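# Fold and geometry: a report
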Amino acid sequence: MKFGKGVCIINVGGTKYAFPKDVIKDFPLRRVSRLHSCASEREVLEVCDDYDRERNEFFFDRHSEAFGFIMLYVKYGKLRFVPHMCELSFYNEMIYWGLESSHLEFCCQRRLDERMSDTYTHFTEEHHETDDEFRTDASSNGKRDSKWLERMRRTFEEPTSSLAAQILASVSVIFVIVSMVMLCASTLPDWKTAESNTVEEHRIIEAVCIGWFTAECIVRFIVSRDKCEFVRRPLNIIDLLAITPYYISVTMTVVTGENSQLQRAGVTLRVLRMMRIFWVIKLARHFLGLQTLGLTLKRCYREMVMLMVFICVAMAIFGALAQLLEHGLDLESGNEEYASIPAACWWVIISMTTVGYGDMYPITVPGRVLGGLCVVSGIVLLALPITFIYHSFVQCYHELKFRSARCTRSLSAEFLN
């Protein structure tokens, strides 16, 4: 396309920039340089929002301040974020003008990566929920059964979605507490003595709790939209792990007999019985704190792995040195508690975490110096990744609190209506 003048005017959000025609051809921004290769006004309008042939002015309805910072990159070769502007919004402007995240300075690129990682996790969950609700609403027009299933699903899956969901969640919490109290009390010596007299009552209470959890799990599976996705969810897997041991233990008791002398079967039954402690994790459905903890661990798995690597490396180094200083240099009168590196690693882990049980401790001067270094190193190594985990915890808490407040407002509106 032949430009009417030797100077082209780029108008971005009301801010004008004048460039010679030859500069437009080799302009660092791809969208601007494409104007030179346009053969018709129609092609020009595919690149910009409007074009004035008389003034040879190209209009772009974009963020003018963001483009000003992009022009600073064109002039000086350094690209940074606009102050008080969302990183993702600025990144969208960069993509529009033909830039990539690699053009950013390292500090800004790291901020963008962290923001995109957090927003991706939050957005995908919200997007899937909104998309599923949209598809359900679109497919259930004129179908009362679909609306009924959707209402049932929200009642069982979202405790703050309605008054009935809150009542159901409260009943579920009561059953979890009762089952936990029964499980803990069953290990007391006095309880075992009186168990022969009240064994029938204990079995009835346990069966009622298991029956409630089983019915709840079955109903939630029936009303779920995607059965495969339901099975893959961590909380649903925990529900299955909490329910299955009861039925396995009942089956094994029936098969092997109540007073069976099979030691292996008895150990298996005790292990299965203790697996019911997973019931307490069911409280994560109803308490914001446990949900925040789970979301934080999900987002900070890299930091958790890094923390474990720090601890393992320190255990290997200090464990080997402690075994050498306390036992390896003097085999006859050495400290027998440090006879092996694995035994010394136990002392390292309780020293690094500043627990200090006192069950084993160094007795030589070099060993005590090493113990002091071990404690100081543990404080430093544990503090490094904890800062990232703390900030992620605060962010997850605010996100879940905002989502809970939004559900509470819709619940209040439903109750008033």
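Residues numbered from 1 in each chain as written. Predicted model: local features only at pLDDT ≥ 70, side-chain atom pairs only at ≥ 80, totals over all residues. Heavy atoms only, no water.

As recorded in an unreviewed UniProt entry, the chain goes by Voltage-gated potassium channel regulatory subunit KCNG3 and comes from Carassius auratus.

## A closer look at the pairing of strand 1 (residues 7–12)
Bridge analysis of strand 1 against strand 2 (residues 15–20) gives six bridges, and the strand direction is antiparallel. Each bridged residue has a counterpart across the sheet, and for Val-7 the counterpart in strand 2 is Pro-20. Counting the residues between successive antiparallel strands, the hairpin from strand 1 to strand 2 contains two residues, one of them, Gly-13, with a positive phi of roughly 60°. Judged from the four bridges that link them, strand 1 and strand 4 (residues 57–60) form a sheet pairing that is parallel. From the neighbouring strand, Asn-11 faces strand 4, where its bridge partner is Phe-59. (Pairing = 2+ DSSP bridges. Helix = DSSP H or I, 4+ residues; strand = E, 2+ residues; numbered from the N terminus.)

## Brief notes about the environment of Leu-288
Here Leu-288 is to be found in helix 13 (residues 288–299). Distance in space between the C-alpha atoms of Leu-288 and Leu-400 is 7.1 Å, their sequence separation being 112 residues.

## Section: the sheet that holds strand 2
Strands sit in the order 2-1-4-3 across an open sheet of four strands; the sheet is mixed. The sheet terminates laterally at strand 2 and strand 3 (50–52), the two strands that pair on one side only. For this sheet the average axis-to-axis angle between neighbouring strands, irrespective of direction, equals 20°. Alignment of strand 3 against strand 4, held across three bridges, turns out to be antiparallel. Pairing of Asp-50 across the sheet is with Phe-59, part of strand 4. (Axes fitted to C-alpha atoms, helices over the stretch in contact; angles between N-to-C directions.)

## A short note on the pattern of salt bridges
All chains considered together, the criterion is met by seven salt bridges. Measuring nitrogen to oxygen at the nearest pair gives 3.5 Å for the salt bridge that ties Arg-53 to Glu-41. Highlighted residues: Arg-53 in the loop between strand 3 and strand 4 and Glu-41 in helix 3 (residues 41–47), separated in sequence by 12 residues. Residue Arg-53 is classed as partly exposed on the basis of its relative accessible area, which comes to 48%. Residues Glu-229 and Arg-232 are paired through a salt bridge, measuring 3.0 Å at the closest nitrogen-oxygen approach. (Salt bridge = Lys/Arg side-chain N within 4 Å of Asp/Glu carboxyl O. Buried < 20%, exposed > 50% of the residue type's maximum accessible area, 1.4 Å probe, protein only.)

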